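Spelled out, the chains give:
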Amino acid sequence: MSRIERADLVVVGAGTIGGWASTFAKRDGLGRVVVIERDLAGSGASSRAAGIVRAQGGTPTTVGLGRWSIDFYRRQQDELGTDSGFRELGYLILAVTEDDERAGRERVAMQQSLGLDVRWVTATEAAALNPTLTADGHRGGSYLDTDGHIDPPRNVRAYSLAMQQAGVELRERTAFTGLRTEATANGPRRVVAVETSGGPIATDRVILTGGPSLASVGRAAGLRIPAGAVRHTVAVLEPHDAFAVERLPMVFDIGAGLYWRQEEGGLLFGWSDPHDRPGEARTIDWPMYERMRERLAAFVPLARGLGTRKIWAATIDFTPDHLPILGPGLDPDGRPIDGLTVASAGGHGMMWGPGVARVAADLTIHGRTDVIDASDLGLDRFDEQGRSRLATDPIALPFPASTGDADAPVATR
Ligand SMILES: Cc1cc2nc3c(=O)[nH]c(=O)nc-3n(C[C@H](O)[C@H](O)[C@H](O)COP(=O)(O)OP(=O)(O)OC[C@H]3O[C@@H](n4cnc5c(N)ncnc54)[C@H](O)[C@@H]3O)c2cc1C
């Protein structure tokens, strides 16, 4: 081991989680921080996202992560001299059924108890806040003025610049291929090195990210991580004067998993199909696209006549309970491996990403964090089949019920 290179922290994956976590760790004073990226920085989910950012989480934990992340986006320019393009537009989360309304009002009460300035608005009030939205076909919803969106490619640029300024070493086109651990005197194993396509790096600390590829990153490390990947589709409609205004609240039709917001004078909308099987996104499902356009036009009638300017299907990460994974890697007996942290935003890396990255850096360096109570978010919440003992976050996209890789083989080392 004495002749191989050495780092104080190795981060796997240069998406938004690995990018910001490495920056935070380096700015906290760690010596050599190396990020291993099998492709190019941002080439995973992080450059393909829709950029929706909300503090309206479905649990106190996700409210906390959303708030921390929005505060971070707001202070980025002062702190780092770079920004992710955060734009405050407000966010309406609509209720269509009576059940939606009951759940929505409970959610608002929970969020208000945490000090969030969220409120319930009627259908008429919602349509007054966003004049392109009809007042029919819904029962109003929850509304928070301070939610908004970032520009995902600009976020990749922001963390890439921040990494460089902080002195993080980025190794692109270098794949993580394995983890070396050794037994300690008192029992648990500890990290001693990572293996990469460019050779091994000795280190005591590793953060594993991977977004939609996190399960395979885990397998290379000898861990079972119930993290999934599935198609998510986003389209942008051509410009219209009604959208080319300073500020229109974003809208989420939560029951259909359909959301929309202003983009370049037009309308961006995105959706997940709960019937999609887990796996990499390769194609656009055009019949589903037509159904989503119909659904959108029922809420935003003037969208009906607008042409499509862009559309893309990309692979999104998700977890079985739609919550982040933040905690130590576990050995096959379920014992924490010293120095190893696993981090996933579970498909919400724009809204929770900086918060998740901050927690990952905190847990790795200090063993604790002030951002949120992360004690429930580790891999130990999942059983052998990848089922979580936590309740599912009620405000999430309609992801598949299973990650589809609980039975995949795990490397042993
Ligand atoms: C179409 C779409 C729309 C979305 N919209 C939103 C949204 O509006 N709001 C929101 O909050 N979230 C959204 N998301 C989710 C968000 O983009 C992700 O949660 C987030 O980008 C995940 O960040 P990450 O760093 O964990 O993963 P990634 O960005 O995927 O980064 C992981 C990196 O790890 C690398 N990697 C993988 N395996 C290895 C290996 N063996 N060795 C080295 N490197 C490896 C990959 O190449 C990749 O660059 C969207 C996602 C998609 C696809």
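Residues numbered from 1 in each chain as written. Predicted model: local features only at pLDDT ≥ 70, side-chain atom pairs only at ≥ 80, totals over all residues. Heavy atoms only, no water.

**As for the side chain of Thr403**
Argument step 1. Along the chain, Thr403 falls in the segment after helix H8 (353-365).
Argument step 2. If sequence neighbours within four positions are ignored, Thr403 has contacts with Pro226, Ala227, Gly228, Pro278, Phe318 and Pro320. (Helix = DSSP H or I, 4+ residues; strand = E, 2+ residues; numbered from the N terminus. Contact = heavy atoms within 4.5 Å.)

**Remarks on the site of the ligand**
Argument step 1. Within the structure, the ligand sits among 36 residues, and Glu37, Ser46, Ile52, Phe176 and Met351 are positioned closest to it.
Argument step 2. Within the backbone of Gly347, one N or O atom sits 3.5 Å away from a nitrogen atom of the ligand.
Argument step 3. Interatomic distance of 2.9 Å between a backbone N/O atom of Met351 and an oxygen atom of the ligand.
Argument step 4. Burial of the ligand by the protein chains amounts to 97% of its free accessible area of 990 Å².
Argument step 5. Of all the elements in the fold, those that place two or more residues in the shell around the ligand are helix H1 (16-27), strand S15 (228-237) and strand S19 (308-318).
Argument step 6. Take the shell around the ligand: its biggest share by element is four residues, from S19. (Near = heavy atom within 4 Å. Polar contact = N/O pair within 3.5 Å; in protein donor to acceptor, adjacent residues only side chain to side chain. Areas by Shrake-Rupley, 256 points an atom, 1.4 Å probe, with all protein chains shown as cover.)

**Quick word on the environment of Ile4**
Argument step 1. Within the element layout of this structure, Ile4 appears in the segment before strand S1 (5-6).
Argument step 2. C-alpha separation for the pair Ile4 and Pro200, spaced 196 residues apart in sequence, amounts to 6.7 Å.
Argument step 3. Excluding residues that lie within four positions of it along the chain, Ile4 makes contacts with Pro200, Ile201 and Ala202.

**Looking at the pairing of S15**
Argument step 1. In terms of residue burial, S15 counts as a mostly covered element, since ten of its ten residues are buried.
Argument step 2. Burial of S15 is two-sided: the residues Gly228, Val230, His232, Val234 and Val236 facing one way and the residues Ala229, Arg231, Thr233, Ala235 and Leu237 facing the other way are all buried.
Argument step 3. Inspection of the sheet shows S15 paired to strand S18 (residues 266-271) by four bridges, in the antiparallel sense. Paired with Val234 across the two strands is Gly270, which belongs to S18. (Buried < 20%, exposed > 50% of the residue type's maximum accessible area, 1.4 Å probe, protein only. Pairing = 2+ DSSP bridges.)

**Some words on the pattern of salt bridges**
Argument step 1. By the definition in use, this model includes 33 salt bridges.
Argument step 2. Ionic pairing is found between Glu182 and Arg190, a salt bridge with its closest N-O pair at 2.9 Å.
Argument step 3. Overall, the relative accessible area of 33% leaves Glu182 in the partly exposed class.
Argument step 4. The exposure class of Arg190 is partly exposed, given its relative accessible area of 29%.
Argument step 5. For Asp285, the salt bridge goes to Arg231, with nearest N and O atoms at 4.0 Å. With Asp285 in the loop between S18 and helix H7 (286-299) and Arg231 in strand S15, this pair connects stretches of sequence that are 54 residues apart.
Argument step 6. Classification of Arg231 by relative accessible area gives buried; the value is 15%.
Argument step 7. One network of salt bridges, in which partners are shared, links Glu5, Arg32, Glu169 and Arg171. (Salt bridge = Lys/Arg side-chain N within 4 Å of Asp/Glu carboxyl O.)

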